[in-house]
Each structure stands twice: as structure tokens, then as C-alpha cells.
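The chain contents come next:
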Amino acid sequence: MNATPEKADDLIVVGKIFSVHGVRGEVKVYSFTDPIENLLDYPRWTLRHEGKVKQVELVSGRGSQKGLVVKLKGLDDRDEARLLSGYEICIPRSLLPSLAADEYYWYQLVGLKVINQDEQLFGKVDHLLETGANDVMVVKPCAGSLDDRERLLPYTAQCVLDVDLEAGVMRVEWDADF
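Residues numbered from 1 in each chain as written. Predicted model: local features only at pLDDT ≥ 70, side-chain atom pairs only at ≥ 80, totals over all residues. Heavy atoms only, no water.

Going by what an unreviewed UniProt entry lists, the protein is known as Ribosome maturation factor RimM and is assigned to Pseudomonas oryzicola. According to the UniProt record, the Function (unreviewed entry) comment for the protein reads "An accessory protein needed during the final step in the assembly of 30S ribosomal subunit, possibly for assembly of the head region. Essential for efficient processing of 16S rRNA. May be needed both before and after RbfA during the maturation of 16S rRNA. It has affinity for free ribosomal 30S subunits but not for 70S ribosomes." (UniProt positions renumbered as here; feature names shortened; annotations may be inferred.)

Printed below as a string of C-alpha cells:
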């Protein structure tokens, strides 16, 4: 494992180590990719936790009932592996696949101002949730917001009218009373 980090502003979190597996230094990983096995397509990871940063190399990985089981190069001891619990798994944004013009990664939507068809500012996208039927944006109030309400808005074509990343704005069709 190497201690030389990537540029911090170029990194995107794609998973998290949550436990050890077995006695040979394997770790259990929760993947934020869809499908979860896509995390295994990235052979080099930057691990981050509480100000600590480490570079690791993926040797192998496989699916399990609760995520992935991963073997990292140079990690052969269960006690050493346990020390990685809680580390975020990051990769450079530049490694993410390109998307169609009307598609966005969640990290691109976080922080956008949300304005409805009546030009009312609801707040900013704080984070998104996967619900099964559709993704949901959690919009929290900010300076200049219509009110102090947190709103849960569906991330669907019927609700989201326009996304302007350069302007930092998302326009939605949503009544302020909902």
C-alpha cells in the first residue's frame, strides 16, 4: 500500500470498506456503483478515513450476499485488514464512464439550487436516495429559500424539467404546497 494520494478534488467516493472477511486479509466492501460489481473494474483505489489517505491495488474480488469480498495487494493479515474498516473507496472522476447528454451522476446534482416552475427557490440538493421505484432528491433549505421545509422530490422526467450544471440550477415542476 502506498501513501501518495490523488488530488483530493478529483476523487469521487464509489464504495466503503465495512468489515473483514476470513483470516487471509480480505475485506468486505459496500459498493455505491450500479451494478455493485462495477467497483471491481477499477484496479487502483484511494482509501480515505478521518484525514488518512492510502493508495491500494485490487488483486481480486467477488460478490457476496451483502456486497463484495475483496483482496488487496500486500494485505494478508486479518488484523491489518480490520484497520481499514470505515475507509471510503475513491477513484478519480476522470475514470467514470461518459454519460448521455441528459444523464448525470449523483455527485453532479448535489449542491444544485432547486427552482420550481413559479421561480420559487426550494433550496439545494443535499443528497439522493435510491427507493426502488425512482431516485429521490433530498432538497434542504438555503439562503433565499421559499421556506424552511426539507423536500423530497422524485428524480424523474416528470419532475425535473432542466439541469444546468454551469449555472448550478435545477428546474422542477413541483407545487410549493407539497
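A. Focus on the nonpolar core. Val 27, Val 29, Trp 45, Leu 47, Val 70, Leu 72 and Ile 89 are the most contacted members of the largest nonpolar core, which totals 22 residues. Of all the elements in the fold, those that place two or more residues in this core are strand E1 (11-21), strand E2 (26-31), strand E3 (44-49), strand E4 (52-64), strand E5 (67-72) and strand E6 (88-92). Among the elements that take part in this core, E1 stands out by supplying 4 residues, more than any other. Filtering out sequence-adjacent residues up to four positions away, Val 29 remains in contact with Lys 16, Ile 17, Phe 18, Leu 39, Gly 67, Leu 68, Val 70 and Ile 89. (Core = buried A, V, L, I, M, F, W, Y, C linked by side-chain atoms within 4.5 Å. Buried < 20%, exposed > 50% of the residue type's maximum accessible area, 1.4 Å probe, protein only. Helix = DSSP H or I, 4+ residues; strand = E, 2+ residues; numbered from the N terminus. Contact = heavy atoms within 4.5 Å.)

B. View of the pattern of salt bridges. Under the criterion given, the structure shown has 8 salt bridges. Note that Lys 71 is salt-bridged to Asp 76, the shortest N-O span being 2.8 Å. Where Arg 82 meets Asp 79, a salt bridge forms, and the shortest distance between an N and an O atom there is 3.2 Å. Of the two residues, Arg 82 and Asp 79 both sit in helix H1 (residues 78-82), 3 residues apart, roughly one turn of that helix. One network of salt bridges, in which partners are shared, links Asp 126, Lys 140 and Glu 150. (Salt bridge = Lys/Arg side-chain N within 4 Å of Asp/Glu carboxyl O.)

C. The arrangement of the pairing of strand E11 (residues 160-164) in detail. Two elements, E11 and strand E12 (residues 169-172), share 4 bridges in a ladder whose sense is antiparallel. The partner of Asp 164 across the bridge, within E12, is Val 169. Between E11 and E12, which pair antiparallel one after the other, the connecting turn spans 4 residues, and Gly 168 there sits at a positive phi close to 75 degrees. (Pairing = 2+ DSSP bridges.)

D. Examining unusual backbone geometry more closely. In this model, Asp 34 is joined to Pro 35 through a cis peptide bond whose omega is 0 degrees. With respect to the element layout, Pro 35 can be found in the loop between E2 and E3. A positive phi angle is found at Glu 50, which is not glycine, with a value near 45 degrees. Accessibility expressed as a relative area gives 71% for Glu 50, which makes it exposed. Located in the positive-phi region is Glu 119, a residue other than glycine, with phi close to 65 degrees. When you line up the elements, Glu 119 lands in the loop between strand E7 (113-116) and strand E8 (121-130). The exposure class assigned to Glu 119 is exposed, which follows from its relative accessible area of 55%.

E. Representation of the packing of aromatic side chains. Scanning the entire structure with this criterion turns up 2 aromatic pairs. With 6.0 Å between their ring centres and 15 degrees between their planes, Tyr 105 and Tyr 107 make a pair best called stacked. Residue Tyr 107 is classed as partly exposed on the basis of its relative accessible area, which comes to 29%. A cation over a ring is seen here: Arg 151 above Phe 122, with NZ or CZ 4.3 Å from the ring centre. (Phe/Tyr/Trp six-rings, centres within 6.5 Å; stacked < 30°, edge-to-face > 60°. Lys NZ or Arg CZ within 6 Å of the ring centre and 35° of its normal.)

F. Seen up close, the UniProt feature "domain: Ribosome maturation factor RimM PRC barrel" (unreviewed entry) in the protein. UniProt feature "domain: Ribosome maturation factor RimM PRC barrel" (unreviewed entry): in the numbering of this structure it lies at residues 106-175. Segment residues 106-175 splits into 6% helix and 47% strand. End C-alpha atoms: 23 Å apart.

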